[in-house]
Amino acid sequence: MGEEMTEATGGIDFEDEDASGVIKKFMFVNRKAPYGTIYALEALEVVLISAAFDQDVSLAFLDDGVYQLVKGQHTKAIDVKNFSPTYRALEGYDIEKLYVEKESLEQRGLTEADLLVDVEVMSSADIAKMMAEQDVVISF
Amino acid sequence: MLHIVNKSPFENQTLDSCLRVVGNVQGAALLLTEDAVFAATKGSIIEGKIKTAMSTIKVYALWPDVEARGMQDRVIEGIKMVDYGGFVDLVAEHSNCQSWL
Amino acid sequence: MKFAIMVNEGVYQHQATDSAYQFAKAAIEKGHEVPRIFFYHDGVYNASRLTEPPADDRNIVSRWQKLAKEHNIDMVVCIAAAMRRGIKEENLAENFRISGLGQLVEAGIQADRLVVFGD
């Protein structure tokens, strides 16, 4: 997926990478299901690019965003790329903080075992606390 | 932290999600913009929910959006009205902000 | 204070871009800086120079251009999102530039606040 992602993001180079040495806490909040709209895929493209900036990156999955992480996505018949394996590749980009809101899973009859990647399941209150500590919150 | 919601509460659950997560967080603020300003109106089935939230968090609504939708005489008492300059001030006053899209 | 802005919806369909514009304008009027506005998802349509609204409506594209020119705002259109949607150099409005997603992350690092407008 890595190579295809590079192509999808237009072969961005990192000449403009910030060299100031500032490390900020970035949280990407995913609240939308995949395929119905493009937000989840394009969010993932931002996440991958952010890895090149050596920032403190985390991802939060709330509401329908938890559907991005469910196992067993087969998209051949809708002729849309299945980008769910990319979540498993995030570790290779040193993006390891994936938080999933417990209430969102429960509302949808899902458990951690239904997800295709290791995540930290957190209560709404803990998610709120984590959000409040961020410097930049980009939501999709 | 400032939370911004722009969806009508009668159309989807974004406001519910936002309040579920931050409705009890001391120091949090909620700004209702665009179609979310309908949540700031009296007599709707949402009013109770907003009033409960107001006991813990500060709730604001964007006046230009309230006015545009003809809701100016219906706003719930205690919800503070801000213009775009006030929106800017809210973002500046809080350490970060999240748009619940 | 430096405010970076992210615009994630196109023109006219959704109020997001209007809200973003009013916010940027108000921030500048209050003496803040808006160093960069980043256009992503359908937000890239804000940069189409082929947009022609009726004469009695606001012109969203030229309104952005004017604001950027007067206040030295770097208006960046995401290349990947733009290519998907047919926004290219040949139909890019003046005062916008096409660049990578790194420009969004960089704006987040350099600005004091990043505000997202979308649907």
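What counts, and where the lines are drawn
- Residues numbered from 1 in each chain as written.
- Chains lettered and ligands numbered in written order.
- Predicted model: local features only at pLDDT ≥ 70, side-chain atom pairs only at ≥ 80, totals over all residues.
- Heavy atoms only, no water.
- Helix = DSSP H or I, 4+ residues; strand = E, 2+ residues; numbered from the N terminus.
- Rg over C-alpha atoms; globule rule 2.2 N^0.38 Å.
- Areas by Shrake-Rupley, 256 points an atom, 1.4 Å probe, with all protein chains shown as cover.
- Buried < 20%, exposed > 50% of the residue type's maximum accessible area, 1.4 Å probe, protein only.
- Polar contact = N/O pair within 3.5 Å; in protein donor to acceptor, adjacent residues only side chain to side chain.
- Contact = heavy atoms within 4.5 Å.
- Core = buried A, V, L, I, M, F, W, Y, C linked by side-chain atoms within 4.5 Å.

*Asks:* Go over the overall build of chain C with me, naming the residues and quoting the values.
*Replies:* Helix and strand content of chain C: four helices and five strands. Moving toward the C terminus, one meets the helices and strands of chain C in the order β-α-β-α-β-α-β-α-β. Relative to its length of 119 residues, chain C is compact, with a C-alpha radius of gyration of 13 Å against a globular reference of 14 Å. Its C-alpha atoms put chain C at 35 × 30 × 25 Å along the principal axes.

*Asks:* Please set out the overall build of chain B residue by residue, giving values where relevant.
*Replies:* Looking only at helices and strands, one finds four helices and five strands in chain B. Over its C-alpha atoms, taken along the principal directions, chain B stretches across nearly 30 × 30 × 25 Å. For chain B, the exposed area adds up to about 4100 Å²; of that, 47% sits on carbon and sulfur atoms.

*Asks:* An account of the side chain of R31 of chain A is requested, with residue identities and associated values reported.
*Replies:* You can see R31 of chain A is positioned in the loop between β1 (25–30) and α2 (39–50). For R31 of chain A, a relative accessible area of 8% translates into the label buried. At a separation of 2.7 Å, a polar atom in the side chain of R31 of chain A contacts the side chain of D63 of chain A. Discounting residues that sit within four places of it in the chain, R31 of chain A has contacts with L62, D63, D64, G65 and F140 of chain A together with T14, S17, W100 and L101 of chain B.

*Asks:* How would you sum up the nonpolar core? Please name residues and give values.
*Replies:* Of all hydrophobic cores here, the largest spans 97 residues; its most connected members are Y87 of chain A together with W64 and F96 of chain C. Looking at this core, the element that brings in the most residues is α2 of chain A, giving nine residues. Once you skip the residues sitting within four places of it in the chain, W64 of chain C turns out to touch V7, T17, A20, Y21, A24, I37, F39, N46, M75 and F96 of chain C. Counting residues in each nonpolar core, the second largest holds 37 residues, with M131 of chain A together with A39, M71 and I76 of chain B among its members.

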